[in-house]
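# A closer look at the structure
Next come the chains, spelled out residue by residue.
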Amino acid sequence: MVDSVCQADRMALTIGEFSRLGGVSTRMLRHYDSFGLLRPERVDEWSGHRSYAAAQLARLNRLTAFRDVGFAVRTWPRRSTPPVNASPQSTPGSA
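In this report, we go over the structure that sits alongside the text. (Residues numbered from 1 in each chain as written. Predicted model: local features only at pLDDT ≥ 70, side-chain atom pairs only at ≥ 80, totals over all residues. Heavy atoms only, no water.)

### Regarding the overall build of the protein
When helices and strands are tallied, the protein shows four helices and three strands. Counting the 95 residues in the protein, one finds 29% classified as buried. Of the contacts made within the protein by residues no fewer than 6 positions apart, 43% connect residues no fewer than 24 positions apart. (Helix = DSSP H or I, 4+ residues; strand = E, 2+ residues; numbered from the N terminus. Buried < 20%, exposed > 50% of the residue type's maximum accessible area, 1.4 Å probe, protein only. Contact = heavy atoms within 4.5 Å.)

### Re the packing of helix α3 (residues 26-34) against helix α4 (residues 57-68)
The relative placement of two packed helices comes down to the angle between their axes together with the axis-to-axis distance. Close contact between α3 and α4 brings their axes to 12 Å; oriented N to C, the two are set at 95 degrees. Accordingly, the angle class assigned to the pair α3 and α4 is roughly perpendicular. Together, M28, L29 and Y32 of α3 and L60, L63, T64 and R67 of α4 make up the contact between the two elements. Per-class residue counts for the contact of α3 with α4 are five nonpolar, one polar and one charged. (Axes fitted to C-alpha atoms, helices over the stretch in contact; angles between N-to-C directions. Parallel < 35°, antiparallel > 145°, perpendicular 65-115°, else oblique. Nonpolar A, V, L, I, M, F, W, Y, C, P; charged D, E, K, R; others polar.)

### Describing helix α2 (residues 15-22)
Listed as buried for α2 are I15, G16, F18, S19 and G22. Seen end-on, α2 carries its buried residues on one side only, within an arc spanning 165 degrees. Its buried side turned inward, α2 meets β1 (13-14), α3, β3 (50-52) and α4. (Arc of directions from axis to C-beta.)

### Thoughts on the packing of aromatic side chains
Aromatic rings considered in pairs are described by the distance between their centres and by the relative angle of their planes. Evaluation of the coordinates by the stated rule reveals two aromatic pairs. For the ring pair F18 and Y52, a centre distance of 4.4 Å and an interplane angle of 10 degrees mean the geometry is stacked. You can see F18 sitting in helix α2 and its partner Y52 sitting in strand β3, a full 34 residues away along the chain. With a centroid separation of 5.7 Å and an interplanar angle of 80 degrees, the aromatic rings of F66 and F71 are classed as edge-to-face. (Phe/Tyr/Trp six-rings, centres within 6.5 Å; stacked < 30°, edge-to-face > 60°.)

Just distances and angles here, no functional claims.
Structure representation (structure tokens):
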């Protein structure tokens, strides 16, 4: 498994490879893409094949964590997820 991840850092992963490494189905990856949650790094314009970067596994892990605690997909952040230690910003006039 470690060899797979090291090789993945140097090359694009097919949707199947990425789904196996991330522990989700290819259908779920397409679902996340349709909601704008996790876009493939590259989509071949001729064949439509999707390629992901190994670095995107961190985002996929955050998305599966949201799913595992029961959040509905439509409530998930679209562009980025806040860091785990993020604190809410104070509003003017508070505290």
